[in-house]
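Chain residues, written in single-letter form:
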Amino acid sequence: MSISDELLRGALQRDPWALGKLARMIDDGLEGSDEALERLHAMGGRCRVVGITGPPGAGKSTLINNLIREGRKRDQTVAVLAVDPTSPYSGGAVLGDRVRMQEHATDPGVYIRSLATRGHMGGLSRSVQHLITLLDAAGFDLVLLETVGVGQEEVEVKDLAQTTVFVTVPGLGDGIQAMKAGVLEIAHIYLVNKADRPMTETTVKDLESMLSMSEEKRAWHPSVLTSIATEGTGVQEVMEELDRHYSHLQASGGLENWRRSVADASVAEAIRGIVEESLKELVNGDNPEFESDIDRVSRKEEDPMSVARRWLGKLDFGKV
Ligand SMILES: Nc1nc2c(ncn2[C@@H]2O[C@H](COP(=O)(O)OP(=O)(O)O)[C@@H](O)[C@H]2O)c(=O)[nH]1
Ligand SMILES: [Mg+2]
């Protein structure tokens, strides 16, 4: 099966079924996906991408549910990509969560997709890049990326966002541990959710002093906000801070830098994909010359690096 114009048209009209199907086809690298991505790439360039990251249970999905509502109030179309195995969108959470999300299930201005952390042909980051290209072309104003923020792949995914919100809860614990581990050095907004719990003020102060200790002189000073996502308290302020950061990006040239760094990552990812494809063909291809080189390496007559270099010179990447 190849990607049809009809499917592409459906996706561009934000039909959830068409979006889901096209996303899967692109993910599987089906015939026509390169061409589809080429067309989609040219159509986009306007959407805002916001990363929501933080430890499991901090309230990211609940916050996102509220941000969707705020976005819709402002007449924005909103898409959510949840890279979180415990995300309620995937049905992995308690019933109550899923019911809450139902609120947006029939709204044509909202699209929610859950991504497993494994099983993407070219890795998670490439899948998310392609999905953002698709959602951007389809005219979504706001794309919210939910990640738990652990592991290299997720850090790469986080870098696809223009603004990152780090969600934590009172009492430090996991959140600060994650930051100490260096996984989450740079968020633009820090949010202490579950502010209905004790220790909220202490946590805010701790975060603020941690941020002020960071030696680097940055043009953007991250603020620490609080929220009670289950009640919708503080969500408006998060939305306003998101706007403030976006204006800052526009004024400081940060948006251009972001576009360039995403382009950089996408091209690198695409090159990696092409090389991997060629390699797969070679290894599966029963190529006697390749097999004999493998034999030579196994007999220690030649080293792997020299053989690899020779083959890289020989491969016809243009064919992939
Ligand atoms: N007390 C309280 N519970 C909250 C708040 N926000 C979310 N929760 C609850 O915390 C749990 C985890 O929330 P969820 O949004 O799934 O967290 P995620 O794993 O970060 O996406 C759920 O049971 C929510 O109802 C809050 O502000 N206060
Ligand atoms: Mg979640």
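Details of the structure are given in the entry above.
Thresholds applied
Residues numbered from 1 in each chain as written. Chains lettered and ligands numbered in written order. Predicted model: local features only at pLDDT ≥ 70, side-chain atom pairs only at ≥ 80, totals over all residues. Heavy atoms only, no water. Helix = DSSP H or I, 4+ residues; strand = E, 2+ residues; numbered from the N terminus. Buried < 20%, exposed > 50% of the residue type's maximum accessible area, 1.4 Å probe, protein only. Areas by Shrake-Rupley, 256 points an atom, 1.4 Å probe, with all protein chains shown as cover. Pairing = 2+ DSSP bridges. Axes fitted to C-alpha atoms, helices over the stretch in contact; angles between N-to-C directions. Donors = N, O, S within 2.8 Å, 3.2 Å for Na, K, Ca; no water. Parallel < 35°, antiparallel > 145°, perpendicular 65-115°, else oblique. Left-handed = near helix turned anticlockwise from the far one by under 90°. Contact = heavy atoms within 4.5 Å. Nonpolar A, V, L, I, M, F, W, Y, C, P; charged D, E, K, R; others polar. Near = heavy atom within 4 Å. Polar contact = N/O pair within 3.5 Å; in protein donor to acceptor, adjacent residues only side chain to side chain. 1 Å grid on protein atoms, 1.4 Å probe; cavity = no way out; pocket = protein on both sides within 12 Å on 5 of 7 lines; lining within 4 Å. Points joined across faces, edges and corners; volume = space filled by probe spheres on them. Core = buried A, V, L, I, M, F, W, Y, C linked by side-chain atoms within 4.5 Å. Domains from an automatic or database assignment. Phe/Tyr/Trp six-rings, centres within 6.5 Å; stacked < 30°, edge-to-face > 60°. Lys NZ or Arg CZ within 6 Å of the ring centre and 35° of its normal.

Student: I'd love a proper account of the overall build of the chain, names of residues and values included.
Tutor: Broken down by element type, the chain carries 13 helices and 7 strands. Going through the 320 residues of the chain one by one, you find that 47% of them count as buried. Summing over all exposed atoms, the chain offers an accessible surface of approximately 16600 Å²; the carbon and sulfur share of this is 52%.

Student: Lay out the sheet that holds strand β5 (residues 163-168) with the relevant residues and their values.
Tutor: Here we have 7 strands laid out as an open sheet, ordered β3-β2-β4-β1-β5-β6-β7, and parallel in their pairing. Lying at the two open borders of the sheet, with one neighbouring strand each, are β3 (110-114) and β7 (223-226). Each adjacent strand pair in this sheet contributes to an overall mean axis angle of 20 degrees, direction not counted.

Student: Please set out the coordination of the magnesium ion (ligand 2) residue by residue, giving values where relevant.
Tutor: At the metal site, the magnesium ion (ligand 2) is ligated by Ser61 (OG) and Glu146 (OE), and these contacts range over 2.1 Å. Taken together, the residues span a long stretch of sequence, with serine 61 in helix α4 (residues 60-73) and glutamate 146 in strand β4 (residues 142-147) at a distance of 85 residues. The pair formed by serine 61 and glutamate 146 is uniform in burial state, with each residue classed as buried.

Student: Describe the packing of helix α3 (residues 33-43) against helix α6 (residues 124-137), with residues and values.
Tutor: Direction vectors running N to C along α3 and α6 enclose 55 degrees, while the axes themselves pass 8 Å from each other. For the element pair α3 / α6, the angle class is oblique. Classified by chirality, the crossing of α6 by α3 is left-handed. Where α3 abuts α6, its residues Leu37, Leu40, His41 and Met43 lie against His130, Thr133, Leu134 and Ala137. Of the residues assigned to the contact of α3 with α6, the class counts are 5 nonpolar, 3 polar and no charged.

Student: An account of the site of ligand 1 is requested, with residue identities and associated values reported.
Tutor: In the neighbourhood of ligand 1, 15 residues make up the surrounding shell, with Gly57, Lys60, Ser61, Thr62 and Asp196 lying closest. At a separation of 2.7 Å, an oxygen atom of ligand 1 approaches a polar backbone atom of glycine 57. Take asparagine 193: an N or O atom from its side chain is 3.1 Å from a nitrogen atom of ligand 1. Surface burial for ligand 1 is 79%, taken as the share of its 580 Å² of free accessible area covered by protein chains. Among the elements that make up the shell around ligand 1, the one with the highest residue count is α4 (3 residues).

Student: Could you give an account of the layout of surface pockets, with specific residues and numbers?
Tutor: Approximately 1300 Å³ is the volume attributed to the largest pocket. Leu37, Gln129, His130, Ser266 and Ala270 are the residues nearest the centre of the largest pocket, which is lined by 44 residues in total. Here the lining of the largest pocket takes 14 residues from helix α11 (residues 254-284), the largest share from any one element. When the residues that make up the lining of the largest pocket are grouped by side-chain class, the tally is 17 nonpolar, 15 polar and 12 charged. Within this model, the second largest pocket holds a volume of roughly 560 Å³. Together, 27 residues line the second largest pocket, and Asp159, Ala161, His188, Trp258 and Ser261 are the ones closest to its centre. At the level of secondary structure, the elements contributing two or more residues to the lining of the second largest pocket comprise α6, α7 (152-158), α10 (235-252) and α11.

Student: With reference to specific residues and values, describe the nonpolar core.
Tutor: Of all hydrophobic cores here, the largest spans 36 residues; its most connected members are Leu22, Leu81, Val128, Leu134 and Leu145. Listing elements by their share of this core, those giving two or more residues are α1 (5-12), α2 (16-27), α3, β2 (78-83), α6, β4 and α11. Composition of this core by domain shows at least three residues from each of domain 1 (1-42) and domain 2 (44-252). In this structure, valine 128 is in contact with Leu81, Val83, Leu115, Leu145, Val157 and Leu160, ignoring residues within four places of it in sequence. Formed by 23 residues, the second largest nonpolar core is a distinct cluster that contains Ile52, Val78, Val80 and Leu225.

Student: Account for the pairing of β2, naming residues and giving values.
Tutor: With 6 of its 6 residues buried, β2 lies for the most part within the structure. The alternating pattern of β2 places Val78, Val80 and Ala82 and Ala79, Leu81 and Val83 on opposite faces, both of which are buried. Strand direction decides the pairing type here: β2 and β3, joined by 5 bridges, are parallel. Pairing of alanine 82 across the sheet is with serine 114, part of β3. The pairing of β2 with β4 spans 6 bridges and is classified as parallel. Bridging from a neighbouring strand, alanine 82 pairs with glutamate 146 of β4.

Student: Account for the packing of aromatic side chains, with residues named and values stated.
Tutor: Going through the model one piece at a time under the given rule, you end up with 3 aromatic pairs. Ring geometry for tyrosine 111 and phenylalanine 140: centres 6.4 Å apart, planes at 40 degrees, overall tilted. Of this pair, tyrosine 111 sits in strand β3 while phenylalanine 140 sits in the loop between α6 and β4, and the two are 29 residues apart along the sequence. Note on accessibility: tyrosine 111 and phenylalanine 140 belong to one class, buried. Ring centres of phenylalanine 166 and tyrosine 190 lie 6.0 Å apart, and the angle between their planes is 65 degrees; this geometry places the pair in the edge-to-face category. Of this pair, phenylalanine 166 sits in strand β5 while tyrosine 190 sits in strand β6 (residues 189-192), placing them 24 residues apart in sequence. Take tyrosine 190: its relative accessible area is 2%, and that puts it in the buried class. The ring of phenylalanine 140 carries the charged tip of arginine 14 above its face, separated from the ring centre by 5.7 Å. Against the face of tyrosine 246 rests arginine 48, its NZ or CZ located 4.5 Å from the ring centre.

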